[in-house]
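Architecture at a glance
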Amino acid sequence: MTTPPAIAIAGLTKSFGDQTVLGGVDLRVPAGSVFALLGSNGAGKTTTVRILCTLLRADGGTATVNGFDVATQPAEVRGSISLTGQFAAVDELLTGRENLVLVGQLRHLPEPGRTADDLLARFDLTEAAGRRVATWSGGMRRRLDIAMSLIGEPPVLFLDEPTTGLDPQSRLEVWATVRELAGRGTTVLLTTQYLDEAEQLADRIAVLHQGRVIAEGSLAELRQLLPPATVEYVEKQPSLEDVFLAIVGSGQQETDR
Amino acid sequence: MTTTYVVRDTTTLLKRSLRHVLRSPDTILTTAITPIIMLLLFVYVFGSAIDVGNGRYVDYLLPGILLITIASGIAYTAFRLFTDVSSGIFERFQSMPIARQSVLWAHVLTSVVANLVSLVLVVLVALAMGFRSGAGLLAWLGVAGILVLFTLALTWLAVIPGLTATSLDGVSGFSYPLIFLPFISSAFVPTSGMPGPLRWFAEHQPVTPIVNTLRSLYAEQPVGDDGVLAVAWCVGLLLVAYLVAMVTYQRKIG
């Protein structure tokens, strides 16, 4: 590949007091890919994202986003990214549409109202748009949260545990959104503790463990780290998720998978 | 970041924050209600037993009550900022290509607006209770100026717990001492009757010169040294609170 990576991290370190959170992280995220940072709680996923979003300073190492150094060109980095944090960062006292218009105004768009209406339609939120977000469900908030991140069409998107705390249906909706973004060429770095999420969405996966990347590659490459597959006959039982989705009736999304 | 962006982004965020205030008008009422109750209680229950020399007690008491109004109002400033921080929307704004400090300035300006509304409510009640002043426009501008300076000083103070608090109790707790500070000053009774050390404290803390200045202004009396002291205290507090708040903020955003 000749195009420069969307995100390049080399030897990134960060400690809080005595506790080392990042012990030298190296990563390259190709432009236009969906990259999953997989790890358990406390592995350093959020710390990495916060450094890349210029919300936290690294102790050592370098990191560039969209070609800009996070330490020396933070304003340019912020112009290239959007962050969807661990909890839906929406304004509960405002309506859904007001939330989107607010972000559009802060990004100095010429027509924030029109952008808001387009996104409401795209995320199937038009009906609830005039209601205060405090009355919305968790899944709707998450969709609004992601919609807010898309305003201004930043080339790099950070999704920090985008489906944590969501019900299975909302989770599928978020997955569909990420796939759509990937189709448009946006680089997505998502963190997750769910293995199936990384498997479903990511072109490349890095496993972060105790502040270090212990494995990195495509799913196929990671599979090669294991002993070769053996053929066994196992009766295919529907998973509880299949059953749940079948009885609550979301067959449409099922076929999407 | 250019100045135009600072103004533009601050305006955008100020509108958002004012919308919050409009949608929870109880915050303004709650701010005004405690000082109004104190005003009623002290004028009608204790007032007859308090000797303040010539003049109505409500005229004597009002400045202290106005300062208490501000002290309870800025608790909501800290609360609104804390809500932004804990909900993650503060980080969302900080990760966007905006003039970053506008997030704080919007909260500060909202605090001034909300407090002025509460102050007007309290003054209206005082007027209904017989408060009168023959002061002219200039004197009233002086009163408003000192109240705004005091509000700004306490608002920047409120920014500190707003940014650092880890629980809702921590956010509201810091304002209690500020609400009680006027009790040990010339706000309720003249300091001359207080015992030695208490009197020394009362006469050397900021509330006393501020209260005396406000009283002199609307009583059409010269403000004298108290006026200089009042402005000095307000500006001094404002500078210190602003600097500490900025250090706290820089630490917060890394």
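So, here is what we can say about the structure in this document. (Residues numbered from 1 in each chain as written. Chains lettered and ligands numbered in written order. Predicted model: local features only at pLDDT ≥ 70, side-chain atom pairs only at ≥ 80, totals over all residues. Heavy atoms only, no water.)

Looking now at the overall build of chain B. Secondary structure summary: chain B contains 11 helices and zero strands in total. The order of helices and strands in chain B, counted from the N terminus, is α-α-α-α-α-α-α-α-α-α-α. For chain B, the C-alpha atoms occupy an extent of roughly 60 × 35 × 35 Å along the three principal directions. In chain B, the proportion of contacts linking residues at least 24 apart, taken out of those at least 6 apart, comes to 82%. Positive and negative side-chain charges of chain B, numbering 14 and 11 respectively, have mean locations separated by a distance of 13 Å. (Helix = DSSP H or I, 4+ residues; strand = E, 2+ residues; numbered from the N terminus. Contact = heavy atoms within 4.5 Å. Lys, Arg positive; Asp, Glu negative; His and termini not counted. Charge placed at Lys NZ, Arg CZ, Asp CG, Glu CD.)

Glancing now at a nonpolar patch on the surface. A cluster of nonpolar side chains, namely L240, V243, F244, I247 and V248 of chain A, defines an oily patch on the protein surface of about 490 Å² accessible area. Assignment of secondary structure puts V243 of chain A in helix 9 (residues 240-248). (Patch = residues over 30% accessible without salt bridge, like charges linked within 9 Å, V, L, I, M, F, W, Y side chains within 5 Å. Areas by Shrake-Rupley, 256 points an atom, 1.4 Å probe, with all protein chains shown as cover. Salt bridge = Lys/Arg side-chain N within 4 Å of Asp/Glu carboxyl O.)

Moving on: the packing of aromatic side chains. A full pass over the atoms with the stated rule returns 14 aromatic pairs over all chains. Measuring from ring centre to ring centre gives 6.5 Å for F131 of chain B and W140 of chain B, while their planes differ by 90 degrees; the resulting arrangement is edge-to-face. Given the relative accessible area of 30%, W140 of chain B is considered partly exposed. Seen from their ring centres, W140 of chain B and Y218 of chain B are 6.0 Å apart, and the 20 degrees between their planes marks the pair as stacked. Separated by 78 residues along the polypeptide, W140 of chain B in helix 6 (residues 137-164) and Y218 of chain B in helix 10 (residues 207-218) bring together distant segments of the chain. Residue Y218 of chain B is classed as buried on the basis of its relative accessible area, which comes to 6%. An aromatic cluster is built from F42, F46, F180, F183 and F188 of chain B, whose rings are joined through pairwise contacts. One Lys or Arg, R171 of chain A, reaches over the ring of Y194 of chain A and ends 4.9 Å from the middle of that ring. (Phe/Tyr/Trp six-rings, centres within 6.5 Å; stacked < 30°, edge-to-face > 60°. Buried < 20%, exposed > 50% of the residue type's maximum accessible area, 1.4 Å probe, protein only. Lys NZ or Arg CZ within 6 Å of the ring centre and 35° of its normal.)

Right, let's get into the side chain of E98 of chain A. Structurally, the position occupied by E98 of chain A is in helix 3 (residues 96-106). Every residue in contact with E98 of chain A, bar those within four places of it in the chain, is listed here: R19 and R23 of chain B.

On to the sheet that holds strand 2 (residues 19-29) of chain A, then. All names here are of chain A. Ordered by their spatial adjacency, four strands build an open sheet running 2-1-4-5, and the pairing between neighbours is antiparallel. Pairing within the sheet leaves two strands with one partner each, and these edge strands are strand 2 and strand 5 (68-69). Taken together, the two bridges between strand 4 (residues 60-65) and strand 5 define a ladder with antiparallel strand orientation. Looking at the pairing, V65 lines up with F68 of strand 5. Contacts from helix 1 (residues 45-52) reach strand 1 (7-16), strand 2 and strand 4 within the one sheet, and its direction differs from that of strand 1 by about 115 degrees. (Pairing = 2+ DSSP bridges. Axes fitted to C-alpha atoms, helices over the stretch in contact; angles between N-to-C directions.)

Looking now at the side chain of R215 of chain B. Residues and elements named next belong to chain B. Structurally, the position occupied by R215 is in helix 10. There is no salt bridge for the buried R215, and the closest opposite charge comes from D226, which lies 7.9 Å off by N-O distance. The contact partners of R215, leaving out residues within four places of it in the chain, are D59, Y60, P63, S186 and A187.

Quick look at the interface of chain A and chain B now. Facing the 30 residues of chain A at the interface are 24 residues of chain B. A buried area of about 2,500 Å², summed over both sides, lies between chain A and chain B, and 55% of it is on carbon and sulfur atoms. Among the residues chain A hides against chain B, the three largest losses belong to R78, L106 and H108 of chain A. Together they make up 28% of the total. The closest approach of N and O atoms between R50 of chain A and E91 of chain B, which form a salt bridge, is 2.0 Å. Of all the secondary-structure elements, those providing two or more residues to the side of chain A that touches chain B are helix 2 (74-80), strand 6 (81-84), helix 3 and helix 5 (138-150) of chain A. The element contributing the most residues to the side of chain A that touches chain B is helix 3 of chain A, with five residues. Split by residue class, the side of chain A that touches chain B holds 15 nonpolar, seven polar and eight charged. (Buried area = accessible area lost by both parts, 1.4 Å probe. Nonpolar A, V, L, I, M, F, W, Y, C, P; charged D, E, K, R; others polar.)

Turning next to the packing of helix 3 (residues 57-87) of chain B against helix 6 of chain B. Residues and elements named next belong to chain B. Put simply, helix 3 and helix 6 touch, their axes get as near as 8 Å, and they point 35 degrees apart. Of the two elements, helix 3 crosses helix 6, and the hand of that crossing is right-handed. Contacts between helix 3 and helix 6 involve L66, L67, I70, A71, I74, T77, A78, L81, F82 and V85 from the former and L147, F150, T151, L154, T155, A158, V159, P161, G162 and L163 from the latter. The residue inventory of the contact of helix 3 with helix 6, partitioned by class, reads 16 nonpolar, four polar and no charged. (Left-handed = near helix turned anticlockwise from the far one by under 90°.)

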